[in-house]
Amino acid sequence: MGEYAELARALLEAERGARRRILATLVRLEGSGYRRPGARMLIAGEDRAAGFLSGGCLEGDVAERARRVADGGDPFVATYDTRSQDDLVWGLASGCNGIVDVLLEPVPPPQDPGHPARLAERVAARRPAALATVFRAEGP
């Protein structure tokens, strides 16, 4: 199963289970990293995640931050600096050597026109689909 098909399936499962859903999107990479901007991860409830943003070194912290987004509802960008070899949390043996920005945002409710269920429907029908996230805008 492809990455976006897995993400779409996880979105539908999370919707049926009425679990909170947070979408994490890698929005900026400076230096090196395992994934490029556009990589996504869905965090649904306490026990379910789909997709990945790194080689495994960021996902646990992203899931913890997702809990805070689910509680407060406000999206935000988390920055991870994996350049320092002295940093025991991010730098040691992570295979990354860059700065990674990850946008965490609640998945819109089903009645919202931007709800990702449309992505799931198109993937299930094997039709072209896109999932876009605006992470910076100027003006209204």
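These numbers were taken from a predicted model, which means no experiment stands behind them.

1. Looking at the overall build of the protein
Helix and strand counts for the protein stand at three helices and five strands. Taken from the N to the C terminus, the helices and strands of the protein come in the order α-β-β-β-α-β-β-α. Buried residues in the protein amount to 38% of all 140 residues. Residue pairs at least 24 apart in sequence account for 54% of intrachain contacts in the protein once pairs closer than 6 positions are excluded.

2. Some details on the sheet that holds strand β3 (residues 48-51)
Read across the open sheet, the five strands follow the order β3-β2-β1-β5-β4; overall the sheet is antiparallel. Of all the strands in the sheet, just β3 and β4 (76-81) have a single pairing partner and so form its edges. Strand after strand, the sheet turns through a mean of 20° between neighbouring axes, direction not considered. Where β4 and strand β5 (residues 97-106) come together, six bridges link them in antiparallel fashion. Note on β5: the bridge partner recorded for F76 is L104. Of the strands in this sheet, β1 (21-32), β2 (40-44), β4 and β5 touch helix α2 (residues 59-72), which is tilted by about 30° from β5.

3. Description of the packing of aromatic side chains
Scanning the model with the defined rule gives zero aromatic pairs in all. Between R35 and the ring centre of F52, over which it is positioned, the NZ or CZ distance is 4.3 Å.

4. Remarks on the pairing of β1
The pairing of β1 with β2 spans five bridges and is antiparallel. Bridge pairing in β2 links T25 to R40. Looking at chain direction, β1 and β5 are connected through ten bridges and run antiparallel. If you follow R28 over to β5, its bridge partner there is D101.

5. Some points on the confidence of the model for the protein
Residue-level pLDDT values for the protein average 76, and 71% of them are 70 or greater. For the protein, the element scoring lowest by mean pLDDT is helix α1 (residues 3-16), at 71; β4 scores highest, at 90. Under a pLDDT of 50 for its full length, residues 90-94 has, in the predicted model, 13 contacts with residues more than four places off or in other chains.

6. So, α2
Its 14 residues place the ends of α2 20 Å apart at the C-alpha level, agreeing with the 20 Å of an ideal helix rising 1.5 Å per residue. For α2, every residue scored as buried is listed here: E59, V62, A63, A66 and V69. Here the buried residues of α2 occupy an arc of 110° about the axis, which is enough to place them on one side. The exposed set on the far side of α2, more than 90 degrees from its buried face, consists of G60, D71 and G72. Buried residues along α2 sit in contact with β1, β2, β4 and β5.

7. Describing the pattern of salt bridges
One side chain can pair with another of opposite charge once the charged atoms of both are near each other. One pass over the full model with this rule turns up four salt bridges. A salt bridge links R28 to E30; its shortest N-O distance comes to 3.0 Å. The exposure class of R28 is partly exposed, given its relative accessible area of 31%. Residue E30 is classed as partly exposed on the basis of its relative accessible area of 39%. In this structure, E64 and R67 form a salt bridge, with 2.8 Å as the shortest nitrogen-oxygen distance. In this pair, E64 and R67 both sit in helix α2, three residues apart, roughly one turn of the helix. Sharing partners across several salt bridges, the network here consists of R28, E30 and D101.

About the cut-offs
Residues numbered from 1 in each chain as written. Predicted model: local features only at pLDDT ≥ 70, side-chain atom pairs only at ≥ 80, totals over all residues. Heavy atoms only, no water. Helix = DSSP H or I, 4+ residues; strand = E, 2+ residues; numbered from the N terminus. Buried < 20%, exposed > 50% of the residue type's maximum accessible area, 1.4 Å probe, protein only. Contact = heavy atoms within 4.5 Å. Pairing = 2+ DSSP bridges. Axes fitted to C-alpha atoms, helices over the stretch in contact; angles between N-to-C directions. Phe/Tyr/Trp six-rings, centres within 6.5 Å; stacked < 30°, edge-to-face > 60°. Lys NZ or Arg CZ within 6 Å of the ring centre and 35° of its normal. pLDDT = per-residue confidence, 0-100. Expected span 1.5 Å × (residues − 1). Arc of directions from axis to C-beta. Salt bridge = Lys/Arg side-chain N within 4 Å of Asp/Glu carboxyl O.

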